Amino acid sequence: MKQLITLTFFLLTFTAFAQKPCEYSANVNDSIGTYKVTNEYLMSEKYFGGSFSYVFFTLAQTDGLPTLNFQLIQKSKDFIKANCFDPNSKVYLQLENGKIVTLKHINQESCGTLIHDEKGFDNRVNTGIFMFLKDNYEDLKKSPVSIMRIKYLTNTEDYILKADLVSEMNTKTYHPNTYFMDNIRCVE
């Protein structure tokens, strides 16, 4: 009986700490090379005065090089200022252990696309691709992220990454602060 209880405890502990499998929106391996991208993940959601803002992350690997795909979606009936990415743009991630991880934008300028919808809203979609630096890549696997700072061409924005984010858009629960701990292994 004692062995059965021990075995049951071991199996429950093992399944509780098992990593969930990686889910990809694209996973291509052909004669040109390899490319895989994780599913979009909501990192931040803001509603203020009829304006909406969403930040989504995906992790990608192109021929062994991991990158972070950043997408900012803004929606408002008022004017939406363009937040442009340029070669000097960066993503700073302050970890809970006090370290700061920096990701550099690729050399491609982008100010996003402005789209008008039938309900009178302006929608701006801006995407950027950021590269990990070797010296602090490992830190993302070990510690949750507390603050994210995005340096655009003309301004800087800070985001507090929550342990639990219940989206008003789709009522799903996200865990932005442990996003890298849970998903970076999918692009290694």
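A few points on the structure. (Residues numbered from 1 in each chain as written. Predicted model: local features only at pLDDT ≥ 70, side-chain atom pairs only at ≥ 80, totals over all residues. Heavy atoms only, no water.)

Here we look at the packing of aromatic side chains
For the record, the criterion: Stacked, tilted and edge-to-face are the three classes applied to pairs of Phe, Tyr and Trp rings, where Trp contributes its six-membered ring and a pair requires centres within 6.5 Å; stacked means planes under 30 degrees apart, edge-to-face means over 60, and tilted covers the rest. Secondary structure is summarised from DSSP: a helix means a run of H or I of at least four residues, a strand means a run of E of at least two, and numbering begins at the N terminus for each. Two limits define a charge over a ring: the Lys NZ or Arg CZ must be within 6 Å of the ring centre, and within 35 degrees of the ring normal.
In this structure the tally under the stated criterion is 15 aromatic pairs. Between the aromatic rings of F85 and Y152, the centroid separation amounts to 5.2 Å while the plane-to-plane angle is 35°, which identifies the pairing as tilted. Residue F85 is located in the loop between β5 (65-76) and β6 (90-95), and its partner Y152 is located in the loop between β10 (145-151) and β11 (156-160); the two are separated by 67 residues in the primary sequence. Sitting over the ring of F121, K75 keeps its end group 4.9 Å from the ring centre. A cation sits over an aromatic face here: K77 above F121, 5.1 Å from the ring centre.

Brief notes about the state of the cysteines
Filter applied, for reference: A pair of cysteine sulfur atoms is labelled a disulfide when the two atoms are within 2.5 Å.
Applying the stated rule across the entire model yields 2 disulfides. Note that C22 is cross-linked by a disulfide to C186, the S-S spacing being 2.0 Å. The sign of the -85° torsion about the S-S bond sets the C22-C186 disulfide as left-handed. One end of the pair, C22, is in the loop between α1 (2-17) and β1 (24-29); the other, C186, is in the segment after α3 (179-183), and 164 residues separate them in sequence. Numbered by order of appearance in the sequence, the disulfide-linked cysteines of the protein pair as 1-4, 2-3.

Regarding the pattern of salt bridges
Under the convention used in this document: A carboxyl oxygen of Asp or Glu within 4 Å of a side-chain nitrogen of Lys or Arg is what we treat as a salt bridge. Burial classes follow relative accessibility: with a 1.4 Å probe on protein chains only, a residue under 20% of its type's maximum area counts as buried, one over 50% as exposed, and anything between as partly exposed.
The tally for this structure, following the rule as stated, stands at 4 salt bridges. A salt bridge links D158 to R149; the shortest N-O distance between them is 2.6 Å. Taking the relative accessible area as the measure of exposure, D158 reaches 41% and is therefore partly exposed. Look at R149 and you get partly exposed, because its relative accessible area is 38%. Each member of the salt-bridge network shares a partner with another, and the members are E138, K141 and E188.

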